[in-house]
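As a plain string of letters, each chain reads:
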Amino acid sequence: MTQKKFKVVTLGCRTNQYESQAYHDQLVALGYEAAQEGEQAEICIVNTCTVTESADSSSRHAIRQLIRDNEGADVLVTGCFAERNPNAVKELGGVAHIVPNKDKEKLLARLFPEEDLPEFSIQQFDSHTRAFVKVQDGCNSYCTYCIIPYVRGRSRSRTTAEIVTEVEGLIANGYKEVVLTGINIGDFDGGSTDPQQTVRLADLVRAIDKIPGLERLRLSSIDPDEVDDDLTDAILNGRTTCHSMHIVLQSGSNVILKRMNRKYTRQIFLETVDRLRAADPNFTFTTDIIVGFPGETQVDFEDTLDVMSKVKFAKIHMFPYSDRPRTRSMLMPNKVPQEMMKERKQQVLHLSEQYAHALRDGFVSRRMSVLTESLDSTRPGQIHGHTDNFLPVWIQGDHLQPNQIVEVDLLANSPMGLIARVAC
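Computed from a predicted model, the values in this text were never measured in an experiment. (Residues numbered from 1 in each chain as written. Predicted model: local features only at pLDDT ≥ 70, side-chain atom pairs only at ≥ 80, totals over all residues. Heavy atoms only, no water.)

Caption draft 1: Highlighting the packing of helix H10 (residues 266–279) against helix H11 (residues 298–311). The geometry of H10 relative to H11 is characterised by a closest axis approach of 11 Å and an angle of 5° between their N-to-C directions. Here H10 lies roughly parallel to H11, going by the angle between them. Note on element contacts: H11 touches H10 through Asp-303, Asp-306, Val-307, Lys-310 and Val-311, opposite Arg-266, Phe-269, Leu-270, Val-273 and Arg-277. Classifying every residue of the contact of H10 with H11 gives five nonpolar, no polar and five charged. (Axes fitted to C-alpha atoms, helices over the stretch in contact; angles between N-to-C directions. Helix = DSSP H or I, 4+ residues; strand = E, 2+ residues; numbered from the N terminus. Parallel < 35°, antiparallel > 145°, perpendicular 65-115°, else oblique. Contact = heavy atoms within 4.5 Å. Nonpolar A, V, L, I, M, F, W, Y, C, P; charged D, E, K, R; others polar.)

Structure (structure tokens):
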């Protein structure tokens, strides 16, 4: 008897990736099999994103394609685009269920109302050697450009016990590296309604750091004002904690940060970086930057470039500003012309590559450990991975496979990353 097939398409953030993996694991437990390329599926799930206009467009395209390629399938659409604009999803036709974000964890109950469904959690993370673990959802910040609080709701956290159990399962399945993720992980409180029993993110980090078999622990994006002394201590002195953090900048201009309703200044951002680098000069940083926010002058933009030159980020995720319905910034005057936004975008991308290259130069001739991640057919005999402090590395070695931690000698730098060989 042929096994029934399913497809899950994911757009957007790591939290969506985590949720989609949970759907995958639930369907496998129910006896379904992931459809291979070219195969039709009986169940299709699209986990959408609405963070930018481009994300909306990609979400619509993914839904249309699944409907077209899987005739007669039950198509379920969830995620932030479906939450914000369910009518746009309905207009595409062929969608069996539109599932609000608040009901995401019960999505499969729409198809299997009488079934005792498997738990909404993950046992593996397909196609990844690092596993993302969702610890928190929602956001209370209401930045003026961001639709996420409206479509994800207020901040709420899982319990430490739930998270630890899930991480233990991932380690048992062979994962060496775990990334704690959420919409705003700085809000993590352990799911307690009692202010006397609140658990903070630093407590969670220490609890996971103690789990036997874990080799690397990372945090996903966090705001600089949330990296307090306790969290700094947990990261710097942990057994498995990686000395690299994704600390969100968005703009290097205090004027723009205030208009964005961010809770920190450029000074707080730089002080956070300095504090971590003073404790470990090898500590590296990645970040998010928005260019072309309404009212951004050339001086504001140069403030952002100045922070880039000071920090020398290992990687920058750059987003041109995009109007989002229901946000305050949509109504702000002095919109930056598209042509100017494109120029600033290209400047950020160009300089970010230069600074990342310069940062990597300082590590040539060192010996470091790398978690191997993926083979690339265009680079035979090499495998890609990252150091503990998130530097990209290409290792020469036919015998290596993904998900190994190996000691390497860093031989040279290149636009694609450091070049290395396995240490003798």
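Caption draft 2: Highlighting the sheet that holds strand S10 (residues 244–246). The three strands lie next to each other as S10-S11-S12, forming an open sheet whose pairing is parallel. Only two strands of the sheet have a single neighbouring strand rather than two, namely S10 and strand S12 (315–320). Pairs of neighbouring strands in the sheet enclose a mean axial angle of 15°, with direction left out of account. Inspection of the sheet shows strand S11 (residues 284–291) paired to S12 by six bridges, in the parallel sense. Within S12, the residue paired with Thr-287 across the bridge is Ile-316. (Pairing = 2+ DSSP bridges.)

Caption draft 3: Local environment of the nonpolar core. Core analysis: the biggest nonpolar cluster contains 85 residues, and Leu-180 and Ile-208 have the highest contact counts within it. With near-sequence residues (within four places) excluded, Ile-208 lies in contact with Ile-163, Val-164, Val-167, Leu-180, Leu-214 and Leu-217. Among the nonpolar cores identified, the runner-up in size contains 17 residues, and Ala-41, Ala-55, Ala-73 and Val-75 belong to it. (Core = buried A, V, L, I, M, F, W, Y, C linked by side-chain atoms within 4.5 Å. Buried < 20%, exposed > 50% of the residue type's maximum accessible area, 1.4 Å probe, protein only.)

Caption draft 4: Representation of helix H1 (residues 14–29) within the structure. Between its terminal C-alpha atoms H1 stretches 23 Å, which fits the 22 Å expected from 16 residues at 1.5 Å a residue. The buried fraction of H1 is high, at twelve of 16 residues. For H1, the complete set of buried residues consists of Thr-15, Asn-16, Tyr-18, Glu-19, Ser-20, Gln-21, Ala-22, Tyr-23, His-24, Asp-25, Gln-26 and Leu-27. (Expected span 1.5 Å × (residues − 1).)

Caption draft 5: Here's a closer look at the pattern of salt bridges. Applying the stated criterion across every chain yields a total of 26 salt bridges. For the salt bridge of Lys-134 with Glu-19, the shortest nitrogen-to-oxygen distance reads 2.8 Å. Here the residue Lys-134 occupies a position in strand S6 (residues 130–137), and Glu-19 occupies one in helix H1, the gap between them amounting to 115 residues. By the burial criterion, Lys-134 is buried, and Glu-19 matches it. Between Arg-152 and Asp-137 there is a salt bridge; the shortest N-O distance is 3.2 Å. Placement of the pair is Arg-152 in helix H5 (residues 148–152) and Asp-137 in strand S6, with a sequence separation of 15 residues. Members of the salt-bridge network, linked through shared partners, are Glu-19, Lys-104, Lys-134, Asp-137, Arg-152 and Arg-156. (Salt bridge = Lys/Arg side-chain N within 4 Å of Asp/Glu carboxyl O.)

Caption draft 6: Focus on the side chain of Gln-21. Along the chain, Gln-21 turns up in helix H1. Among the residues examined, Gln-21 registers a relative accessible area of 6% and is labelled buried.

Caption draft 7: Highlighting the pairing of S6. Within S6, eight of the eight residues are buried, leaving the element largely enclosed by the surrounding structure. As paired elements, S6 and strand S7 (residues 156–157) share two bridges and run antiparallel to each other. Bridge pairing links Asp-137 to Arg-156 in S7.

Caption draft 8: Seen up close, helix H12 (residues 338–361). Here H12 spans 35 Å end to end across 24 residues, near enough to the 34 Å set by a 1.5 Å rise per residue. For H12, every residue scored as buried is listed here: Met-341, Arg-344, Val-348, Leu-351, Ser-352, Tyr-355, Ala-356, Leu-359 and Arg-360.

Caption draft 9: Focus on the environment of Leu-410. Structurally, the position occupied by Leu-410 is in strand S16 (residues 405–414). Between the alpha carbons of Leu-410 and Thr-193 there is a distance of 49 Å; along the sequence they are 217 residues apart. With residues near it in sequence (within four places) discarded, Leu-410 still touches Phe-363, Val-364, Ser-365, Arg-366, Met-368, Val-393, Leu-418, Ile-419 and Ala-420.

Caption draft 10: Quick peek at the sheet that holds strand S1 (residues 5–10). Read from one edge to the other, the open sheet built from five strands follows the order S2-S1-S3-S4-S5, with strand pairing classed as parallel. What marks the edges here is a single partner per strand, and that holds for strand S2 (33–34) and strand S5 (97–98). For S1 and strand S3 (residues 43–48), the ladder comprises five bridges, and the chain directions are parallel. Of the residues in S3, the one forming a bridge with Thr-10 is Asn-47. Running at roughly 175° to S3, helix H2 (residues 53–69) makes contact with S1, S3 and strand S4 (74–79) of the sheet.

Caption draft 11: Main features of the environment of Gln-3. Of note, Gln-3 is situated in the segment before S1. Sequence separation between Gln-3 and Glu-33 is 30 residues; the distance between their C-alpha atoms is 6.4 Å. Look past the residues within four positions of Gln-3 in its chain and what remains in contact with it is Gly-31, Tyr-32 and Glu-33. One polar contact links the side chain of Gln-3 to the main-chain carbonyl oxygen of Gly-31, over a distance of 3.1 Å. (Polar contact = N/O pair within 3.5 Å; in protein donor to acceptor, adjacent residues only side chain to side chain.)

Caption draft 12: Spotlight on the pairing of S11. Within S11, eight of the eight residues are buried, leaving the element largely enclosed by the surrounding structure. For the crossover from S11 across H11 to S12, the handedness is right-handed. (Right-handed = clockwise from strand over helix to strand, strands pointing away.)

Caption draft 13: Spotlight on the packing of helix H6 (residues 160–172) against helix H7 (residues 201–209). Between H6 and H7, the least distance of the axes is 10 Å, while the angle of their chain directions is 35°. Every pair of crossing elements has a handedness; the one defined by H6 and H7 is right-handed. Counted together, Thr-160, Ile-163, Val-164 and Val-167 of H6 and Leu-204, Ala-207 and Ile-208 of H7 form the full contact between these two elements. The residue makeup of the contact of H6 with H7, split by class, is six nonpolar, one polar and no charged. (Left-handed = near helix turned anticlockwise from the far one by under 90°.)

The analysis is restricted to geometry; functional conclusions fall outside its scope.
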